[in-house]
Amino acid sequence: MQKRFDRTALMRRAGAALLGLALAGAAQAEDIVVSNYGVSANGMPFAVAMAKGFFKQEGANVTGILTSAGGGTTLRNMLAGNAPYAEVNPNAVIAAAQQGADIKIVSDNVLTVAEFVWAVKKDAPIHSVKDLKGKKMGYTNPRSTSQALATLVLQSGGLKTEDVELVKTGGFGEGIAALDTGLVDATPVPEPLWSKYRDKYRAIAVAQDMLPPIANVIGIAAGSGVSPEREAFIKGVIRARRLAVEYMEKHPDESGDIVAKVYNLEPAVARAAVRNLVASRTNGIPYWGAGEIHMDGLKRAVDVQKMVGAIKGDVDLDKLIDTRYLPDDLKKVK
């Protein structure tokens, strides 16, 4: 009997150990949240990281990439779903932090707004921003990035917002439809839509040529209560995304084919978009960053969003930034 008892106890201990290992593995498997994933260019590196196995290579078992159509919704999805990491625009993060949300900026992912052009019909009598005076200019939604950038583009042409009629279209695709039907005379067309429609329209303003580096989307995580397992996971996500950015620079066409499948695009369109953005430099700054924090770009993002009322009051960016998740060579804030 004693021998049998010992054997049974041993089996129980072994089963418990195996269960513990299974639970530990499950705890490390997480979803991440990426704003406009599958639609906007910002999230393309995550598609490459998933397809090439970079997440698993870096010890981050990313089981899925959740998405939504806006920064505020993405942030709510992250907090409601208890996701450890999200990519979102700065204004949503800052607004939430001002309301008491316990979140930190942990990586600087897209450093410019180089995916944007402002386009008109090919036969339109509009050849520069100055020609927009008295015309209708589209933007997506109030307090959006496209509304803020419209103000900067107009200023670059010596115009004020009151010199044009700004028209809310509700989205970029809807803006193109509004341009086709004459509801607007010009509208923002970001990548990959620009690569898809560039033969149909004519660009009168290109962000890369007209606007300075402005932080576009950032990586965020909880400010406190992060377990060691989740800390390792977040570090792995950042490293994997960095590998994806490097891979896209070296293999833009293969990366474009990966993006095409996730974004439901023609391969030629996805390849053109990736090539365009990989080659982009705004004052020497690339579109997709490796994660290191560019303070000037973040400050510009705050200033731009204040212009349209998306951010109010003083913002202490230093208190919002947490570089502990970045690789050592990226921890210095630029």
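Residues numbered from 1 in each chain as written. Predicted model: local features only at pLDDT ≥ 70, side-chain atom pairs only at ≥ 80, totals over all residues. Heavy atoms only, no water.

- Looking up the protein chain in an unreviewed UniProt entry gives the name SsuA/THI5-like domain-containing protein, with the organism given as Bordetella genomosp. 11.

Things to note about helix α6 (residues 145-156)
So, point 1. Taking 1.5 Å per residue, 12 residues should reach 16 Å; α6 reaches 16 Å between its end C-alpha atoms and fits that length.
So, point 2. In terms of burial, α6 is a largely internal element, nine of the 12 residues being buried.
So, point 3. Within the sequence span of α6, burial applies to Ser146, Gln147, Ala148, Leu149, Ala150, Thr151, Leu152, Val153 and Leu154.
So, point 4. Two residues or fewer past α6, glycine 158 is found with a positive phi of approximately 80 degrees. (Helix = DSSP H or I, 4+ residues; strand = E, 2+ residues; numbered from the N terminus. Expected span 1.5 Å × (residues − 1). Buried < 20%, exposed > 50% of the residue type's maximum accessible area, 1.4 Å probe, protein only.)

Digging into the pattern of salt bridges
Opposite charge on two side chains lets them pair, provided their charged atoms get close.
So, point 1. Following the criterion strictly, the structure yields 15 salt bridges and no others.
So, point 2. In this structure, the salt-bridge partner of arginine 271 is aspartate 257, at a minimum N-O distance of 2.8 Å. Taken as a pair, arginine 271 in helix α12 (residues 267-279) and aspartate 257 in helix α11 (residues 252-263) lie far apart in primary sequence, 14 residues in all.
So, point 3. Under the relative-accessibility criterion, aspartate 257 is labelled partly exposed at 27%.
So, point 4. Salt bridges sharing common partners tie together Glu231, Lys235, Asp322 and Arg324. (Salt bridge = Lys/Arg side-chain N within 4 Å of Asp/Glu carboxyl O.)

Examining the environment of alanine 205
So, point 1. By the secondary structure assignment, alanine 205 is in strand β9 (residues 201-206).
So, point 2. Classification of alanine 205 as buried rests on a relative accessible area of 1%.
So, point 3. For the pair alanine 205 and serine 156, spaced 49 residues apart in the sequence, the C-alpha separation amounts to 9.6 Å.
So, point 4. With residues near it in sequence (within four places) discarded, alanine 205 still touches Val117, Trp118, Val129, Val153 and Met210. (Contact = heavy atoms within 4.5 Å.)

Quick look at the sheet that holds strand β13 (residues 288-291)
So, point 1. Across the sheet, which stays open at both edges, the six strands sit in the order β2-β1-β3-β10-β4-β13 with mixed pairing between neighbours. The open sheet has two free edges, formed respectively by β2 (61-66) and β13, since each of these has just one partner strand. Neighbour to neighbour, the strand axes of the sheet diverge by 30 degrees on average, direction disregarded.
So, point 2. Pairing analysis gives two bridges linking strand β1 (residues 29-34) to strand β3 (residues 86-88), with the strands arranged parallel. Within β3, the position partnered with valine 33 by the bridge is alanine 86.
So, point 3. Set on the sheet, helix α10 (residues 228-250) makes contact with β1, β2, β3, β4 (103-110), β10 (217-222) and β13; between it and β13 the angle comes to about 145 degrees. (Pairing = 2+ DSSP bridges. Axes fitted to C-alpha atoms, helices over the stretch in contact; angles between N-to-C directions.)

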